[in-house]
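Coordinates in review
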2 protein chains.
Amino acid sequence: MASILAPDGLGPTVCVGEILVEIVATTVGDGFLEAQPLVGPFASGAPAIFISQCGRLGGKAAMVGAVGDDDFGRVNTDRLKRDGVDVSAISIDPDYPTGSAFVRYRKDGSRDFVYNIATSAAARFGWSELVGNLIDRSGHLHVMGSALSVPSARAVIDRAVDIVKARGGTLSVDPNLRKELKLDEDTERRFSRLVAAADLLLPSGEELERAAGVEGEAEAIRRLFEIGVKEIVLKRGADGATYFGSQGDRIDARAFVVQEVDPTGAGDCFGGAYLTCRRLGMSPQQALTYASAAGARNVTVLGPMEGAGTRQELDAFIASTERRP
Amino acid sequence: MASILAPDGLGPTVCVGEILVEIVATTVGDGFLEAQPLVGPFASGAPAIFISQCGRLGGKAAMVGAVGDDDFGRVNTDRLKRDGVDVSAISIDPDYPTGSAFVRYRKDGSRDFVYNIATSAAARFGWSELVGNLIDRSGHLHVMGSALSVPSARAVIDRAVDIVKARGGTLSVDPNLRKELKLDEDTERRFSRLVAAADLLLPSGEELERAAGVEGEAEAIRRLFEIGVKEIVLKRGADGATYFGSQGDRIDARAFVVQEVDPTGAGDCFGGAYLTCRRLGMSPQQALTYASAAGARNVTVLGPMEGAGTRQELDAFIASTERRP
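An account of the accompanying structure is given in this report.

About the cut-offs
Residues numbered from 1 in each chain as written. Chains lettered and ligands numbered in written order. Predicted model: local features only at pLDDT ≥ 70, side-chain atom pairs only at ≥ 80, totals over all residues. Heavy atoms only, no water. Least-squares fit on C-alpha atoms with pLDDT ≥ 70 in both. Contact = heavy atoms within 4.5 Å. Pairing = 2+ DSSP bridges. Helix = DSSP H or I, 4+ residues; strand = E, 2+ residues; numbered from the N terminus. Axes fitted to C-alpha atoms, helices over the stretch in contact; angles between N-to-C directions. Buried area = accessible area lost by both parts, 1.4 Å probe. Salt bridge = Lys/Arg side-chain N within 4 Å of Asp/Glu carboxyl O. Parallel < 35°, antiparallel > 145°, perpendicular 65-115°, else oblique. Nonpolar A, V, L, I, M, F, W, Y, C, P; charged D, E, K, R; others polar. Buried < 20%, exposed > 50% of the residue type's maximum accessible area, 1.4 Å probe, protein only. Arc of directions from axis to C-beta.

1. Some points on the relation of the copies chain A and chain B
The transform that puts chain A on chain B rotates by 180° and translates by 0.0 Å along the axis, for an RMSD of 0.0 Å. Expressed as a symmetry operation, the mapping of one chain copy onto the other fits a two-fold axis. Taking C-alpha positions as reference, the residue of chain A nearest the rotation axis is A:Leu38, located at 2.4 Å. Looking at the interface residues of chain A, 100% of them are also at the interface in chain B, so both copies use one shared face.

This is the structure in structure tokens:
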């Protein structure tokens, strides 16, 4: 079966969205109400994690976004460059700092955040000549739902979808709708349009039903194929993942057994690996194995994208790691 | 000799300016280009450190500024409340995060920073009913030169100087002109006017000549008294401090010998202690002793204002600490 995604040769996978640093509290507890040990800055932002994993796996990859003119911005651009990601369309904001997220895990596994995203460089980018040059030679666009809450990202995504599709490229969407991010009516409408235009949809858990707008897994899958989605991979964390093809085919993948150090970024690495493997010509089965390995390996290392593996690292991980029963 | 400063009974000392959290790298080195151990958030901002020291010493104290609606803001307001500082005129910005400064010491003792001040809540406050209510019952205004680079702080300071002086209150100025902060022509003019209106001037090292606009210590002192300053205390760090009275009187104070852990905030604690002691009716000699102790004690503790002492703590410090020869 031919891949439903544009091959790597057509041009890079482009991800549009927030680039952040993450600073992690090293003790478990409630919030940041007193001085405490921290570690950071780690390169972060869901779209940046996704594209880092693409680059590390050897896929053509490029990022659209913005950082401040500070060390936190350089942490990100240096990192993505090392991963082989084209950073020509990452702009450097002269006035606003690089976006940041402080994260602390609570005893119950939930998290407290202190964000500076909406009023940081992360949210201040738009269409530019450099962005246009990149999109004109891109083969695939990946969009995170979280980027839709940023007006400037919306403008870039709207234009990029049309250009990339017109040249035979494809689109993947990770709903990535965190509870913290509220969508207004207009954004919800844009989100629905993007889902309908997606060749590949990468929801986590309940995001599947949210994206389909109907309840029940089977019903949601049916509805999504009906509106035009070509391939769906449902991420279930430790419960594994499932590929759904438009012909009713289904592949279940069990999760790898790992010692979790930091769950942040698992879904983004999973998605980046799956998409990249598919664009490199692998079967859904093979892509699902690499994706499961990429997500699992990433949680074994502190930092949102510190555990994103190369192909060699993922091969070694797969060979040495057990799967859940 | 009657104090040249309005007594504590007239109303609180008000400080106007930036409120920040500080996050400190725990290793020495260059900048923040990779993930590293940090500790924070510490309550910070030069004006906030100053007013914290006032409150801890038992002086009437109040702060004008802004924080974000986040844990970093609460770190500051909770801290100042505990110190007895009136926080009624600290506003909470619904859209912008609390200002922040990441600090790392280099091998040579200099520092690298990553700031978010200009585009944070720290720079977004202005005159309000609550600010007006506070200023109308204040006895003294303290201004840091750094606040002059913030347009909204300038507007508050301009208005507050007139009101406080009209009701018999006084003004102190700490030039606090960090190299990082550029002053344009208009700000430089405002700074000169403020210096001329200052009852008490608290320069550090070369700031004395900068404030006077002439070279040479003796010449600078002469010039400052000529334009209307009533009392000058020159801070020289480990080299001690000197009081200059307008009648040509001079008192030198030797510095206390301490193990320096974190120099940030020393000058602000010195100033806050000196001003408070004078407003509480102490002589320049006695105020100079407490001020030297407050600055020295603060550098023995990690965090910009974590070592600010109460009167009891400073008495104990003075009794147990040697002075430099």
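2. As for the sheet that holds strand β8 (residues 140-144) of chain B
All names here are of chain B. Read across the open sheet, the 9 strands follow the order β5-β4-β1-β8-β9-β10-β11-β12-β13; overall the sheet is mixed. For this open sheet the edge positions go to β5 (90-93) and β13 (250-253), each flanked by a neighbour on one side alone. In this sheet, β5 lies alongside strand β4 (residues 61-68) in parallel orientation, the contact comprising 4 bridges. Its bridge partner being in β5, Gly65 is matched across the sheet by Ile90. The sheet contacts of helix α9 (residues 284-298) involve β11 (231-235), β12 (241-245) and β13, and relative to β13 the element is tilted by about 25°.

3. Thoughts on the interface of chain A and chain B
Interfaces are often described in size by the accessible area the parts lose on coming together. On the side of chain B, 27 residues touch chain A, which itself brings 27 residues to the contact. A buried area of about 2100 Å², summed over both sides, lies between chain A and chain B, and 69% of it is on carbon and sulfur atoms. Taken together, the links from chain A to chain B amount to 0 salt bridges. At the level of secondary structure, the elements contributing two or more residues to the side of chain A that touches chain B comprise β3 (36-44), α2 (71-82) and β7 (111-116) of chain A.

4. Brief notes about the packing of helix α9 (residues 284-298) of chain A against helix α10 (residues 311-320) of chain A
All names here are of chain A. Viewed as axis vectors pointing N to C, α9 and α10 meet at an angle of 90°, and their least axial separation amounts to 10 Å. As far as their axial angle goes, α10 and α9 are roughly perpendicular. Side by side, α9 and α10 meet where Gln286, Thr289, Tyr290, Ala293, Ala294, Ala296 and Arg297 of the first sit next to Arg311, Glu313, Leu314, Asp315, Phe317 and Ile318 of the second. When grouped by side-chain class, the residues that make up the contact of α9 with α10 number 7 nonpolar, 2 polar and 4 charged.

5. Brief notes about unusual backbone geometry
Here A:Gly40 and A:Pro41 are connected by a cis peptide whose omega angle stands at 0°. Topologically, A:Pro41 is positioned in strand β3.

6. Considering the pattern of salt bridges
Residues and elements named next belong to chain B. Applying the stated criterion across every chain, the model contains 52 salt bridges over all chains. Asp8 is paired through a salt bridge with Lys60; the nearest N and O atoms lie 3.6 Å apart. Pair noted here: Asp8 is in the segment before β1 (13-16) and Lys60 is in the loop between α1 (46-56) and β4, with a separation of 52 residues, a long-range link. A salt bridge links Arg79 to Asp83, with the shortest nitrogen-to-oxygen separation between them at 2.7 Å. Per residue, the accessibility class of Arg79 equals that of Asp83, and both read buried.

7. Focus on the sheet that holds strand β2 (residues 20-25) of chain B
A sheet is described by the order of its strands in space; here 8 strands give the open sequence β7(A)-β6(A)-β2(A)-β3(A)-β3(B)-β2(B)-β6(B)-β7(B), paired in mixed fashion. Both outer strands of the open sheet, β7 of chain A together with β7 (111-116) of chain B, are each paired with one neighbouring strand and no more. Within this sheet the neighbouring strands show an average axis-to-axis angle of 25°, counted without direction. Sheet topology places β3(A) next to strand β3 (residues 36-44) of chain B; 5 bridges connect them, and they run antiparallel. Paired with A:Gln36 across the bridge in β3(B) is B:Gly40. Relative to β3(B), helix α2 (residues 71-82) of chain B is tilted by about 50°, and along the sheet it contacts β6 (99-105) and β7 of chain A together with β2 and β3 of chain B.

8. Section: helix α7 (residues 217-227) of chain A
Residues and elements named next belong to chain A. When we look at burial in α7, the residues that qualify are Ala220, Ile221, Leu224 and Phe225. The buried residues of α7 all sit within an arc of 130° when viewed along its axis, so they share a single face. Buried positions along α7 lie against α5 (185-197), β10 (200-201), α6 (207-212), β11 (231-235) and β12 (241-245). Looking one or two residues past α7, Gly228 carries a phi angle of roughly 125°, positive in sign.

9. Some details on the environment of A:Ile92
Residue and element names in this part refer to chain A. By the element assignment, Ile92 lies in strand β5 (residues 90-93). Look at Ile92 and you get exposed, because its relative accessible area is 54%. Taking the C-alpha atoms as reference points, Ile92 and Ala66, separated by 26 residues in sequence, lie 5.6 Å from one another. If we skip the residues at most four places from it in the chain, Ile92 touches Val67, Gly68 and Asp69.

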